[in-house]
Amino acid sequence: VRFVDEFRDAELGRAVAGQILSLVEPGRHYKFMEVCGGHTHSIYKYGIDDLLPANVELVHGPGCPVCVIPMGRVDDGISIAHQDGVIFTCFGDMMRVPGSEGSLVDAKAAGADIRMVYSPLDALRIAKQNPDHEVVFFAIGFETTAPSTALTLKRARTEGLRNFSVMCSHVTIVPPLRALLESPDLRLDGFIGPGHVSTVVGARPFEFIPADYGRPLVIAGFEPLDILQAIEMILRQLDSGRCQVENQYKRVVPYEGNLRALEVMAEVFTLRPHFEWRGLGFISHSGLKLSDAYADLDAEVRFSIPGVRVADPKACQCGEVLKGVIKPWECKVFGTACTPERPIGTCMVSSEGACAAYYNFGRFAREREVV
Amino acid sequence: MTVLRVDEGRELALCAADDGRHETVEIALVAPVRPTERLLVHAGTAIAHQGGVL
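Just so it is clear, the structure is predicted and the values come from calculations on it, not from any experiment. (Residues numbered from 1 in each chain as written. Chains lettered and ligands numbered in written order. Predicted model: local features only at pLDDT ≥ 70, side-chain atom pairs only at ≥ 80, totals over all residues. Heavy atoms only, no water.)

With that settled, consider the overall build of chain B. Regarding its fold elements, chain B presents 0 helices and 5 strands. Its helices and strands in sequence order give chain B the pattern β-β-β-β-β, from N to C terminus. Taking 10 Å as the expected radius of gyration for a compact globule of 54 residues, we find that chain B reaches 10 Å, a close match to that expectation. Its C-alpha atoms give chain B principal-axis dimensions of roughly 25 × 20 × 20 Å. (Helix = DSSP H or I, 4+ residues; strand = E, 2+ residues; numbered from the N terminus. Rg over C-alpha atoms; globule rule 2.2 N^0.38 Å.)

Residue and element names in this part refer to chain A. Overall, parallel pairing links the 4 strands, which are arranged β4-β3-β5-β6 in an open sheet. Of all the strands in the sheet, just β4 (113–116) and β6 (164–170) have a single pairing partner and so form its edges. Here the strands of the sheet are splayed against their neighbours by 20 degrees on average, with no regard to which way each runs. As paired elements, strand β5 (residues 134–141) and β6 share 7 bridges and run parallel to each other. (Pairing = 2+ DSSP bridges. Axes fitted to C-alpha atoms, helices over the stretch in contact; angles between N-to-C directions.)

Attention shifts here to the sheet that holds strand β2 (residues 56–63) of chain A. Note on sheets: strands pair through backbone hydrogen bonds, and any given pair is parallel or antiparallel. Residue and element names in this part refer to chain A. As summarised here, the arrangement of the 5 strands in space is β2-β1-β7-β8-β9, forming an open sheet in which the pairing is parallel. A single partner strand is all that each edge strand has here, and the edge strands are β2 and β9 (245–247). When strand polarity is set aside, the average angle formed by the axes of neighbouring strands in this sheet is 20 degrees. Of the strand pairs in this sheet, strand β7 (residues 190–193) and strand β8 (residues 217–219) are connected by 3 bridges, and their pairing is parallel. Within β8, the position partnered with Gly-193 by the bridge is Ile-219.

Time to look at the environment of A:Ile209. Residues and elements named next belong to chain A. Looking at where Ile-209 falls in the secondary structure, it is placed in helix α9 (residues 208–213). Between the C-alpha atom of Ile-209 and that of Tyr-44, which follows or precedes it by 165 residues, the distance is 26 Å. Here Ile-209 is in contact with Leu-177, Leu-181, Phe-191, Gly-214, Arg-215 and Leu-217, once residues within four sequence places are set aside. (Contact = heavy atoms within 4.5 Å.)

What follows deals with the pairing of β2(A). All names here are of chain A. Most of β2 is tucked away, with 8 of its 8 residues classed as buried. Here strand β1 (residues 30–36) pairs with β2 via 6 bridges, running parallel. Its bridge partner being in β2, Met-33 is matched across the sheet by Val-59. On the question of chirality, the crossover connecting β1 to the parallel β2 by way of helix α2 (residues 37–45) is right-handed. (Buried < 20%, exposed > 50% of the residue type's maximum accessible area, 1.4 Å probe, protein only. Right-handed = clockwise from strand over helix to strand, strands pointing away.)

This paragraph deals with the packing of helix α1 (residues 10–23) of chain A against helix α10 (residues 224–240) of chain A. All names here are of chain A. It is the contact of α1 with α10, at a shortest axis distance of 9 Å, that shows an interaxial angle of 20 degrees. The pairing of α1 with α10 is recorded here as roughly parallel in orientation. Remark: the crossing between α1 and α10 carries left-handed chirality. Judged by residue contacts, Leu-12, Gly-13, Val-16, Gln-19, Ile-20 and Leu-23 of α1 engage Leu-225, Leu-228, Gln-229, Ile-231, Glu-232, Leu-235, Arg-236 and Asp-239 from α10. (Parallel < 35°, antiparallel > 145°, perpendicular 65-115°, else oblique. Left-handed = near helix turned anticlockwise from the far one by under 90°.)

Okay, the interface of chain B and chain A next. At the junction of the two partners, chain B supplies 21 residues and chain A supplies 25 residues. Here chain B and chain A share an interface that buries about 1,900 Å² over both sides, 57% of which is from carbon and sulfur atoms. In this assembly, chain B and chain A are joined by 1 salt bridge. For the salt bridge of B:Glu26 with A:Arg155, the shortest nitrogen-to-oxygen distance reads 2.7 Å. Our count for the contact surface shared by chain B and chain A stands at 9 residue pairs in polar contact (both at pLDDT 80 or more). Those elements giving two or more residues to the side of chain B that touches chain A turn out to be β4 (39–42) and β5 (45–49) of chain B. Here the side of chain B that touches chain A is built from residues that sort into 11 nonpolar, 7 polar and 3 charged. (Buried area = accessible area lost by both parts, 1.4 Å probe. Salt bridge = Lys/Arg side-chain N within 4 Å of Asp/Glu carboxyl O. Polar contact = N/O pair within 3.5 Å; in protein donor to acceptor, adjacent residues only side chain to side chain. Nonpolar A, V, L, I, M, F, W, Y, C, P; charged D, E, K, R; others polar.)

Here we come to the pattern of salt bridges. Residue and element names in this part refer to chain A. Considering all chains together, one arrives at 26 salt bridges over all chains under this definition. In this structure, Asp-212 and Arg-178 form a salt bridge, with 3.8 Å as the shortest nitrogen-oxygen distance. Here Asp-212 is found in helix α9, whereas its partner Arg-178 is found in helix α7 (residues 174–182), with 34 residues between them in sequence. Arg-178 sits in the partly exposed class, given a relative accessible area of 34%. With a shortest N-O distance of 2.9 Å, Arg-272 and Glu-300 are connected by a salt bridge. With a gap of 28 residues between them, Arg-272 in the loop between β10 (269–271) and β11 (274–277) and Glu-300 in helix α12 (residues 299–302) connect regions that are remote in the sequence. A cluster of three or more residues bridged by salt bridges with shared partners is formed by Glu-25, Arg-28, Arg-187 and Asp-189.

Residues and elements named next belong to chain A. With 7 of its 9 residues buried, α2 lies for the most part within the structure. Those residues of α2 that sit buried are Gly-37, Gly-38, His-39, Thr-40, Ser-42, Ile-43 and Tyr-44. As for α2, its buried residues are in contact with β1, β2, β7, α8 (195–201), α10 and α14 (354–360). Looking one or two places after α2, you find Gly-47, whose phi comes out positive at around 65 degrees.

Residues and elements named next belong to chain A. Counted by the stated rule, this structure contains 1 disulfide over all chains. Residue pairing for Cys-64: its cysteine sulfur links by disulfide to Cys-67, the two sulfurs lying 2.4 Å apart. Looking along the S-S bond of the Cys-64-Cys-67 disulfide, the torsion reads about 70 degrees, which is the right-handed sense. Cys-67 gets classed as buried once you look at its relative accessible area, which sits at 1%. Distance from the sulfur of Cys-316, which forms no disulfide, to the nearest cysteine sulfur (Cys-318) is 3.5 Å. By relative accessible area, which is 10% here, Cys-316 ends up buried. Of the cysteine sulfurs around Cys-338, a residue in no disulfide, the closest is that of Cys-355, at 6.3 Å. (Disulfide = S-S within 2.5 Å.)

Okay, here's the thing in structure tokens:
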């Protein structure tokens, strides 16, 4: 297929679903985790799970950048935003993530100069336009957005901007996957690998999953046929006794990733000893901070921040959702106290969050129907 | 996004999204690029070529 419409063709989708049905063993329950929030969104947008046999369960992983940001980190951002002379910038989704005493939107309403940007380059532009202000960019996301932040910092350095800094909350995808595989809560049979992260890191970083844990992983694109084909490829591996990393998304993902992106990230960032993830706790070497060479552009060095760990609200079960232990509709506050308009947990904020995907596409409190 | 125009000196490209919106995109990580090429863009930076799917 060559045109994007063909990747959404219902007949082709049903044909792949038929192949999936022919590969499943009756009586065996299969649990596959889609790592990336973009996949979760596509699965519910297109009703992909309705095409799967009842014994194939999709579990939603920790690959939504906004969902994994802990409350304490939001509080740190708000603390910087309230300081005199600061223009605080962040992506739109991040504005609504609740901290312990409100979100960045609430802080903006209270008078802080907080601006939504589409890219760190927009924040850099704001810094050039406001030389008498300190402009801070709240950088979040996995290896898909980290190169953009890295390039922006290099530009800031080249252009000699002194009023720009980054509060770096970038995370990496491999450590949480290892943490999930070590978790006794979860038994998974395979992974749908993240498509866009893999354009940067390539397929090699996932080889430990089949090698050390005996689980197949198939990197997949985001169209309905991509996801269905990835599921079929995982099942085919299980059926034939194979276990390896395969790349369904070859039209975009090179096996070795984007070497230039990896190079610029290695120059600008360094791994933190540990970083807190919402719901998953502290995970070693899973977060990025600015390297010593860029420390003068590090907002955490330039500003005083509380840096306090804040527990999630008791009613919120984002942690269990992010670990795939419960489905969103099993959370006590899903769709009642917690909605996309008034989110309590991060998974309800971003369109890539599992709770928002369930809510927006009508998956309220119901089991899947048997095909 | 589809590349409309390239500024090689500044490593930027003017690109069009599928909804018609235009955006300036950093292309340092995927250069060289040419008009009509499709790019995968995250946070204003192109991170991959789209492999010809239209």
